[in-house]
Amino acid sequence: MSTSVTCIAPVNIAIIKYWGKRDDDLILPINDSISVTLSTDHLRTKTTITAGPEIVKSVLRLNGVEESFDNPRIQRCLQEVRKKAKASGKCPNPAMLEWNIHVESENNFPTAAGLASSAAGYACFVYTLATLYGIESEELSGIARMGSGSACRSLHSGYVQWVRGELADGSDSLAVQLAPASAWPDMHVLILVVSDRKKATASTQGMATSVKTSDLLKHRASVCVPQRVELVQKAIAERDFDTFGRIAMKDSNQFHAICLDTFPPCFYMNDVSRSIIRMVDQINKLAGDGAPVKVAYSFDAGPNACLFLLEKDVAEVLAIVRHVYPCGNECTTEEYYKGIPNDESAIEAVPQTLLESFTVEEPNMLRYIIHTKVGDGPKRVD
Ligand SMILES: Nc1ncnc2c1ncn2[C@@H]1O[C@H](COP(=O)(O)OP(=O)(O)OP(=O)(O)O)[C@@H](O)[C@H]1O
Ligand SMILES: C[C@@](O)(CCOP(=O)(O)OP(=O)(O)O)CC(=O)O
């Protein structure tokens, strides 16, 4: 008799980026990283795993297409969850640990486009499997890490740190929650989707070349990241958006500088990404040089921008984004804006004179915008 479990897991966006491994096999990072878990109301992976004695072959389907079940990262996570389930003695039916499984996984956002699909995907795989085997309350971040480094952070809600750890076996390289989503309720996130195409250089490959060839990466890991981690921890604890935003932008820029310092270089941002950086910079200068940051950008390994801002500034920033990046004749509002419904009257109240100080780009530069907030970790939904 087969048994089935369905769970969802969130995407996370790093404020202090993970870029570089000290152990490729165990996926151990060269530096700590800090991320924000995004709400599963708008971006999520949904995975159903069915185990049964009658299933003759294990199968993994991602967005409806069969993928190789022999993928070493999937195999590693499967073995580790089974090992933990055996050791815990909590599995309601230990025979099921030997059964083949069918995995059906779907992302409701672009896959492999620099929006952390591997993070949500592996976190969901590990959490769903653990739920099936009755061990969802055990520490799972060390297992998700072996699927994709950034996945360990998607097992927690809110603000999360992946502590790099010191041990050679990786047992202390785990994700811990710094603060729940509720600790900073007015934090909002706008994702400007520039492209939903698969990126040219996968993160795994890009960071391996960076470790081998970039001198800047060594300086970043040993000097910059330790200082930034302390500052961001404090900024989160004190809800100091100015520090949080400035470091987010500087760390994103430094990560892309490392990509350029890699040989051969990898390019993840494009002209639209750079135009978004200029727009954010102009917004932050509206209140004068040195005024607190209103909006901050962060780019993962792709051209898509993740903007962080406080609730009080959402209408103004959305009005500017809409003005600078008009959608073309064919696009409808439903296609262009996803997520939290907009407060149209507040957006329309933003003065035209302010909007006109920004240069308007060609229509259709952005595919769409997702408005979301900080959110919860994985959960069972069936
Ligand atoms: N739902 C899922 N289940 C299992 N594996 C997934 C899932 N979604 C994505 N993946 C795996 O992750 C790979 C994409 O990872 P990659 O790091 O290249 O991109 P990304 O995670 O979207 O971007 P980044 O991590 O740089 O922000 C996919 O090719 C697939 O192997
Ligand atoms: C730019 C990043 O998103 C890189 C994420 O890399 P992955 O976690 O996808 O890499 P692997 O561990 O090789 O699977 C930064 C971050 O999320 O910290």
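The structure this text deals with has already been given above.
Now for a description of the structure that goes with this document. Here the structure is a predicted model, which means the values were calculated and not measured.

So, helix α7 (residues 271-285)
The end-to-end C-alpha distance of α7, which contains 15 residues, comes to 21 Å, matching closely the 21 Å that a straight helix rising 1.5 Å per residue would cover. Within α7 the residues assigned to the buried category are Ser-273, Ile-276, Met-279, Val-280, Ile-283 and Asn-284. End-on, the buried residues of α7 take up no more than an arc of 135°, which puts them together on one face. Exposed and oriented more than 90 degrees from the buried face of α7 are Asp-271, Arg-278, Asp-281 and Lys-285. The secondary structure elements touched by the buried residues of α7 are β12 (187-193), β13 (295-299), β14 (305-310) and α8 (314-324).

Observations concerning the site of ligand 2
What surrounds ligand 2 is a group of 15 residues, the closest being Ala-14, Ser-148, Gly-149, Ser-150 and Thr-204. By residue class, the composition of the shell around ligand 2 is 6 nonpolar, 7 polar and 2 charged. Structurally, the shell around ligand 2 is a two-domain feature, drawing no fewer than three residues from each of domain 1 (3-186) and domain 2 (189-373).

Concerning the packing of helix α5 (residues 215-238) against helix α6 (residues 241-261)
Direction vectors running N to C along α5 and α6 enclose 165°, while the axes themselves pass 10 Å from each other. In this view, α5 runs roughly antiparallel relative to α6, as classed from their interaxial angle. Crossing hand, α5 versus α6: left-handed. Residue-level contacts link Asp-215, Leu-216, Leu-217, Arg-220, Cys-224, Arg-228, Leu-231, Val-232, Ala-235 and Ile-236 of α5 to Thr-243, Phe-244, Ile-247, Asp-251, Gln-254, Ala-257, Ile-258 and Asp-261 of α6.

What counts as what
Residues numbered from 1 in each chain as written. Chains lettered and ligands numbered in written order. Predicted model: local features only at pLDDT ≥ 70, side-chain atom pairs only at ≥ 80, totals over all residues. Helix = DSSP H or I, 4+ residues; strand = E, 2+ residues; numbered from the N terminus. Expected span 1.5 Å × (residues − 1). Buried ≥ 20, exposed ≤ 12 C-beta atoms within 10 Å, placed from the backbone. Arc of directions from axis to C-beta. Contact = placed C-beta atoms within 7 Å. Near = placed C-beta within 6 Å. Nonpolar A, V, L, I, M, F, W, Y, C, P; charged D, E, K, R; others polar. Domains from an automatic or database assignment. Axes fitted to C-alpha atoms, helices over the stretch in contact; angles between N-to-C directions. Parallel < 35°, antiparallel > 145°, perpendicular 65-115°, else oblique. Left-handed = near helix turned anticlockwise from the far one by under 90°.

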